[in-house]
Amino acid sequence: MYRSGFRIARLLATAACLGAAGLSPAIAQEPWQDRFLNPAPADGDFLLPMPCGAQMSFRRIDTPVDDPGIGALADRRVVLGQTFGVSTDDEQDGSLGRAYVENTRDAHLVGGLTDEDGNRFFYMGKYEVTRDQYATVMSGECPNPSMPGRLPVSDVSWFDAVAFTQAYSEWLLQSAPESLPEEGDEMAYVRLPTEVEWEFAVRGGANVAEDVFRQQQFPMQGNISDYVWFQGPRSAAGELQLVGLNAPNPLELHDMLGNVEELVLEPFYMDSAGRRQGLPGGIVTRGGSILTAETQMRSALRIEHPFFNARTGTATAQDTFGFRVVIAVPAEVDEQRVVAYEQSWDQIASFRLGNDGEGLVVGAGDTPSQPDGPSDGPIEADLVLPDPVLSEDVAGLNPLSALRQLASVTESDHLAQTLTDIEGIIRQEIAERNQVEARALNAAMYSGAVMMRKLRDDWRRLQQVERASETAEGLRSQGAEHEERADRFLEAVQVQQGVYDISVRAYFNVLVQTADDYTQSAHENQLAVLTREFELSGMETFVPFAELFTAQSIDYRTRRVLDRDFYLQQILDR
């Protein structure tokens, strides 16, 4: 197999390569203690070996996709950045002018790794790379692990960080390939995170609700000083701190904000009304540092620096520059994935209009007639099409396929290019609409699951109040005190009955609307996404309700019979 040959070639070259790097192919010493490498162990830590008996800890970052139905090209839309000009706080901390740098924008990502259940994810370094870890890879000698060596490596340039990822990846591929994840025919490697990966992770990823994800900082229990090293005597006091001392974010990542500002992979881009402007700039650091004020600490914080220092004539490096790494793989990992991408390319922009989900098609009656004479427009002047324009094979195709067919048969290069451009525009708009619809269905199913549980709980409270009211009614004749108590319980029953009735109406409104608007396959795809999101955010108890909501929605869509009593009994039995 390809991978076996790859390994053999790599291993045959190991001794020579490692010798050139000044590293022994054997582990140089006993494994280091956790306090030097993983001071805050947690379930799910993924460990990679390093030279000299060291290790690096990673956390899995799940990226549930918005629409699994489109196949290999599915990804996850996220809203990054922050909104400016909403409050006077922006003006007070001087950040109002940062809108062109940190304004909210849509971005997309998906992890390159896939587990046995088809979930997509990547790994991110649990801590900032430390001085000792950096030395094991870059110095050619094995340091003695120490507490000072647990400080984040600093005063490095972007080129230094990239050189580290190259050297570490080559060491792993040559000395410990069995420790690396695989995807298709490719083995994983280490690189700097992209800005989207970094900000998705610092905000808590899919482990937090969307409203929490968009907040200025990830959720913290207690004081910010328990999580972040910032400027001032009540925090870092201008000194770098050992990694892992502070509490982690919801993904168990430490020091994502503060300590060293972290270098990322791609160059800096400014924001142009919600999208990246086309001018690539210098290097980017994220997360602030020990010199950043507490009021400036935010997940959206990003700063540009030049690649080179004009004064020194060297690559830019600062005392507060550091980095963490991710484990990633190429996109086209094997021929099977390439074929899946090709199939997904057609699926991603499929029309999904109407209750049958089949969408629009072009039939024989759609064939345009030939113009009677010359036209003033440049496109019409080039119009040279066979007669009939649409063959029998084209009839029944969706508009995208029809445009492609027309472009292939016209004798005009100009018209063919115009039709191809139109196809591209329509394809993009349909794909964006489909993703919006997928997210809307996800939100509807989330609401349905939550409302279903509330409906059940409202019913149980109603039953409790009714039983108490019946007891009070039995004592009504025994005096004024009992009569007043019975009246109060009767009123409570009426109030709780009203609450329950509202819950029932709201639930069935959502159920019917969702069933009407989305196909069975769309329901099933989003159930898988929502289940994973509930699991990641610690809301596993809502999964059975999401499953029941999906089953009831599909049942109503299929039979067109709203069996309220049966549906309610299913809910109350949960």
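## Section: the overall build of the protein chain
Within the protein chain, the secondary structure is distributed over 17 helices and 16 strands. Looking at the 574 residues of the protein chain, the share that counts as buried comes to 45%. Across the protein chain, contacts joining residues at least 24 apart in sequence account for 71% of those joining residues at least 6 apart.

## Regarding the state of the cysteines
Note on terminology: disulfide describes a covalent bond linking the sulfur atoms of two cysteines. For the structure on display, the rule yields one disulfide. Paired by a disulfide, Cys52 and Cys142 hold their sulfur atoms 2.2 Å apart. Between Cys52 and Cys142, the S-S dihedral sits near -80°, and the bridge is therefore left-handed. Residue Cys52 is found in the loop between strand E1 (46-49) and strand E2 (55-62), and its partner Cys142 is found in the loop between helix H6 (131-138) and helix H7 (158-175); the two are separated by 90 residues along the sequence.

## A short note on the nonpolar core
Counting residues in hydrophobic clusters, the biggest one holds 38 residues, and the most contacted among them are Phe164, Tyr168 and Phe323. Counting only elements with at least two residues in this core, the list comes to helix H3 (34-37), E2, strand E6 (120-125), H6 and H7. A per-element tally of this core places H7 first, with seven residues. If near-sequence neighbours (up to four positions away) are discounted, Tyr168 is found in contact with Leu48, Pro49, Met50, Met56, Val137 and Val190.

## Notes on the environment of Ala522
Following the sequence through the fold, Ala522 ends up in helix H15 (residues 520-536). Residue Ala522 is classed as buried on the basis of its relative accessible area of 17%. In sequence terms Ala522 and Pro68 are 454 residues apart; their C-alpha atoms lie 8.9 Å from each other.

## Here's the deal with the pattern of salt bridges
Going through the model one piece at a time under the given rule, you end up with 27 salt bridges. As a salt-bridge pair, Glu437 and Arg433 come within 3.6 Å of each other at their nearest N and O atoms. Taken together, the residues span about one helical turn, with Glu437 and Arg433 both in helix H13 (residues 413-474) at a distance of four residues. A residue is classified by how much of its surface remains accessible, and Arg433, at 25% relative accessible area, is partly exposed. Through salt bridges with shared partners, one network takes in Arg60, Asp62, Asp115, Arg532 and Glu535.

## Quick word on the side chain of Thr130
Take Thr130: it is sitting in the loop between E6 and H6. For Thr130, a relative accessible area of 3% gives the class buried. Within polar-contact distance, the side chain of Thr130 engages the backbone oxygen of Gly149 at 3.5 Å. With sequence-adjacent residues up to four places away left out, Thr130 is seen in contact with Gly149, Arg150, Leu151, Pro152, Val153 and Val243.

## A short note on the sheet that holds strand E10 (residues 261-263)
Strand order in this open sheet of four strands is E12-E11-E10-E15, and the pairing throughout is mixed. Either end of the sheet is taken by a strand with one partner, and the two such strands are strand E12 (302-305) and strand E15 (321-322). Judged from the four bridges that link them, strand E11 (residues 283-286) and E12 form a sheet pairing that is antiparallel. Along E12, the bridge assignment pairs Val284 with Glu304. Each of E10, E11 and E12 is contacted by helix H8 (residues 195-202), which is oriented at about 5° to E11, the strand it contacts most.

## Remarks on the environment of Leu172
In this structure, Leu172 sits in helix H7. Leu172 gets classed as buried once you look at its relative accessible area, which sits at 1%. C-alpha separation for the pair Leu172 and Pro49, spaced 123 residues apart in sequence, amounts to 7.7 Å. Excluding anything up to four places from it in sequence, Leu172 contacts Leu48, Pro49, Pro177, Ser179, Leu180 and Val190.

## What about H7?
The end-to-end C-alpha distance of H7, which contains 18 residues, comes to 25 Å, matching closely the 26 Å that a straight helix rising 1.5 Å per residue would cover. Three or more residues of H7 are buried, namely Trp158, Ala161, Phe164, Thr165, Tyr168, Ser169, Trp171, Leu172, Leu173 and Gln174. Put simply, Ser157 is the residue that caps the front of H7, since its side-chain oxygen is 3.3 Å from the backbone nitrogen of Phe159.

## A short note on the packing of H13 against H15
Orientation of H13 relative to H15, taken along the N-to-C sense of each, is 65°, at an axis distance of 9 Å. Between H13 and H15 lies a crossing whose hand is right-handed. Contacts between H13 and H15 involve Ala438, Leu441, Asn442, Met445, Tyr446 and Ala449 from the former and Ala522, His523, Gln526, Leu527, Val529, Leu530, Glu533 and Phe534 from the latter. Grouping the constituent residues of the contact of H13 with H15 by class yields 10 nonpolar, three polar and one charged.

## Description of the packing of H13 against helix H17 (residues 564-572)
Helix-helix packing: each pair is described by the crossing angle between the helix axes and the interaxial distance. One way to put it is that H13 packs onto H17 with a least axis distance of 9 Å and a crossing angle of 80°. Taken together, the axes of H13 and H17 are roughly perpendicular relative to one another. Residues Met452, Leu455, Arg456, Trp459 and Arg460 of H13 pack against Leu568, Ile571 and Leu572 of H17. Across the contact of H13 with H17, the residue classes tally to six nonpolar, no polar and two charged.

## Details of the pairing of E11
Side chains of E11 alternate between two faces, with Ile283 and Thr285 and Val284 and Arg286 buried alike. Relative to E11, E10 runs antiparallel, the two sharing two bridges. Within E11, the position partnered with Leu263 by the bridge is Thr285.

Scoring rules and cut-offs
Residues numbered from 1 in each chain as written. Predicted model: local features only at pLDDT ≥ 70, side-chain atom pairs only at ≥ 80, totals over all residues. Heavy atoms only, no water. Helix = DSSP H or I, 4+ residues; strand = E, 2+ residues; numbered from the N terminus. Buried < 20%, exposed > 50% of the residue type's maximum accessible area, 1.4 Å probe, protein only. Contact = heavy atoms within 4.5 Å. Disulfide = S-S within 2.5 Å. Core = buried A, V, L, I, M, F, W, Y, C linked by side-chain atoms within 4.5 Å. Salt bridge = Lys/Arg side-chain N within 4 Å of Asp/Glu carboxyl O. Polar contact = N/O pair within 3.5 Å; in protein donor to acceptor, adjacent residues only side chain to side chain. Pairing = 2+ DSSP bridges. Axes fitted to C-alpha atoms, helices over the stretch in contact; angles between N-to-C directions. Expected span 1.5 Å × (residues − 1). Left-handed = near helix turned anticlockwise from the far one by under 90°. Nonpolar A, V, L, I, M, F, W, Y, C, P; charged D, E, K, R; others polar. Parallel < 35°, antiparallel > 145°, perpendicular 65-115°, else oblique.

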